[in-house]
Amino acid sequence: MKISKILRSKLLAWNIALFLLLSIIISFICAKIPRKIFSYKRWIFRERKWEKSGAVYQKIFRVRAWKRVLPELSDFIKSIMPKKYIKEFSSAYLSKYIMESCRAEFTHWNIIISSFVFSLWCDLERSMMMVTIAVVLNMPYIIIQRYNRPRVIRFMKQIECFQ
């Protein structure tokens, strides 16, 4: 095997290891950001008209068919609030769920953005490969948050009207 191939495969292994480390660090940092930052009313988390209350994600990606099979961090770390299922339907719980969905979306966007750091030492092909890996691994989670949040917000507002 050529030495250049070995070096390239080692670089890929190091890049993937660094990507995993960056993902962990970003997740940890985002977990420490104060809750008040993650309001669904902020521009970044606000529903867009074209999303049609999340329906666009079902129509294009069939999100309901696969959203529950993806692993989430709470599957491994029990202190993290799970977002696969709504455990209770109180206004307080739903508010926290919505806030945590904003935090999750923010975290996944930041992991994608951080993948551009690979362009500092990789050629264009390898850096784009790392960005592609980041997008492929993180966009499904962003889609899930964008699909679920408007529906949960609508449900929470209905509960508040009846209380």
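None of the values given here were measured: they were computed from a predicted structure. Per chain, residues are indexed from 1 in the order of the written sequence. Where local features are concerned, this predicted model is filtered to residues with pLDDT of at least 70; where side-chain atom pairs are given and counted, the filter is 80 or more; whole-chain, interface and lining totals use all residues. As a rule here, side-chain values come from all non-hydrogen atoms in the structure, and water together with hydrogens is ignored.

S.K.: It is not clear to me how the nonpolar core should be interpreted in this structure. Could you clarify?
M.R.: In plain words, nonpolar cores are sets of buried Ala, Val, Leu, Ile, Met, Phe, Trp, Tyr and Cys residues tied together by side-chain atoms within 4.5 Å. Burial classification: accessible surface area is computed with a 1.4 Å probe over protein chains only, and a residue below 20% of its type maximum counts as buried, one above 50% as exposed, and the rest as partly exposed. Grouped together as the largest cluster of nonpolar side chains are 14 residues, with contacts concentrated most on Phe38, Tyr40, Leu94, Tyr97, Ile98, Cys102 and Val152. Excluding residues within four positions of it along the chain, Phe38 makes contact with Cys30, Ile33, Phe45, Met99, Cys102, Arg103 and Phe106. Core analysis: the second largest hydrophobic core is formed by 10 residues, Phe19, Ile26, Ile111 and Cys122 among them. Residue contacts follow a heavy-atom distance rule, with two residues in contact if any of their heavy atoms lie within 4.5 Å.

S.K.: Is there a simple way to think about the pattern of salt bridges in this case?
M.R.: A side-chain nitrogen of Lys or Arg and a carboxyl oxygen of Asp or Glu constitute a salt bridge if their distance falls within 4 Å. The final tally for this structure, using the stated rule, is 5 salt bridges. In this structure, the salt-bridge partner of Arg146 is Glu51, at a minimum N-O distance of 2.7 Å. Here the residue Arg146 occupies a position in helix 5 (residues 124-162), and Glu51 occupies one in the loop between helix 1 (3-32) and helix 2 (55-61), the gap between them amounting to 95 residues. Judged by its relative accessible area of 1%, Glu51 is buried. To qualify as a helix, a DSSP run of H or I must reach at least 4 residues; to qualify as a strand, a run of E must reach at least 2; elements of each kind are numbered from the N terminus.

S.K.: What is the right way to read the packing of aromatic side chains from this model?
M.R.: Each aromatic ring pair is characterised by the separation of its centres together with the angle its planes make. Only Phe, Tyr and Trp rings are paired, with Trp represented by its six-membered ring, and only when their centres lie within 6.5 Å; those with planes under 30 degrees apart are stacked, over 60 edge-to-face, the remainder tilted. Counting across every chain of the model gives 5 aromatic pairs. Centre to centre, the rings of Phe38 and Phe106 are 5.5 Å apart; their planes meet at 65°, and the pair counts as edge-to-face. In this pair, Phe38 is assigned in the loop between helix 1 and helix 2 and Phe106 in helix 4 (residues 91-114), connecting sequence segments 68 residues apart. The class for Phe38 is buried, based on a relative accessible area of 2%. Under the relative-accessibility criterion, Phe106 is labelled partly exposed at 24%. When the centroid spacing of 5.4 Å and the interplanar angle of 70° are considered together, the rings of Phe118 and Trp121 count as edge-to-face. On the basis of relative accessibility, which here comes to 41%, the residue Trp121 falls in the partly exposed class.

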